[in-house]
Structure formats: structure tokens, C-alpha cells
Amino acid sequence: MDVLIALGFAVVVLVIADRLLLLLESHGHLNWRRNGRKKLPAEPGVDLERLLDEPVGESR
């Protein structure tokens with residue numbers, strides 16, 4: 001009996017969390033389900049080769 005109460009409580013919590021996420025998304029606070037993950041660029045944003053080419057003393 002305790003197991004059924006625990007499972008029921010877990011289901012209720014998940015349903016409330018889902019409804020809360022839908023509410024926040026409908027008001028524009030979240031953009032989670034519609035767009036999915038953002039695609040990252042294949043190349044990193046900083047060229048480490050350029051940073052390492054310049055000697056430390058010449059930066060001033």
C-alpha cells in the first residue's frame with residue numbers, strides 16, 4: 001500500500017511539473033520544447049593559435 005501511495009505521489013509531482021513548464025513556456029519564459037537544443041558551431045569561437053602566436057611581452 002505504501003508503494004502505491006509513493007508511486008501516486010511521484011505521478012502527481014511529474015504532472016504538476018509538466019503543467020508548470022507548459023505554463024511558463026506559453027508566457028514566453030521558457031523556449032524548451034519547441035526549439036530543442038541550440039546547435040553549437042563546429043569550430044570554437046576563439047583561435048588559440050592566434051593567442052599563442054603573440055609573445056607575452058609584446059602585448060603592451
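Anything mentioned here points back to the structure above.
Residues numbered from 1 in each chain as written. Predicted model: local features only at pLDDT ≥ 70, side-chain atom pairs only at ≥ 80, totals over all residues. Heavy atoms only, no water.

Draft legend 1. Inspection of the pattern of salt bridges at higher detail. In the structure shown here, the tally under the stated rule is one salt bridge. The closest approach of N and O atoms between R19 and D18, which form a salt bridge, is 3.7 Å. Overall, R19 belongs to the exposed group, its relative accessible area being 52%. (Salt bridge = Lys/Arg side-chain N within 4 Å of Asp/Glu carboxyl O. Buried < 20%, exposed > 50% of the residue type's maximum accessible area, 1.4 Å probe, protein only.)

Draft legend 2. Up close: helix α1 (residues 2–26). Here α1 is 25 residues long and its end C-alpha atoms lie 36 Å apart, about the 36 Å a rise of 1.5 Å per residue gives. Of the residues one or two after α1, G28 is the one with positive phi, at around 85°. (Helix = DSSP H or I, 4+ residues; strand = E, 2+ residues; numbered from the N terminus. Expected span 1.5 Å × (residues − 1).)

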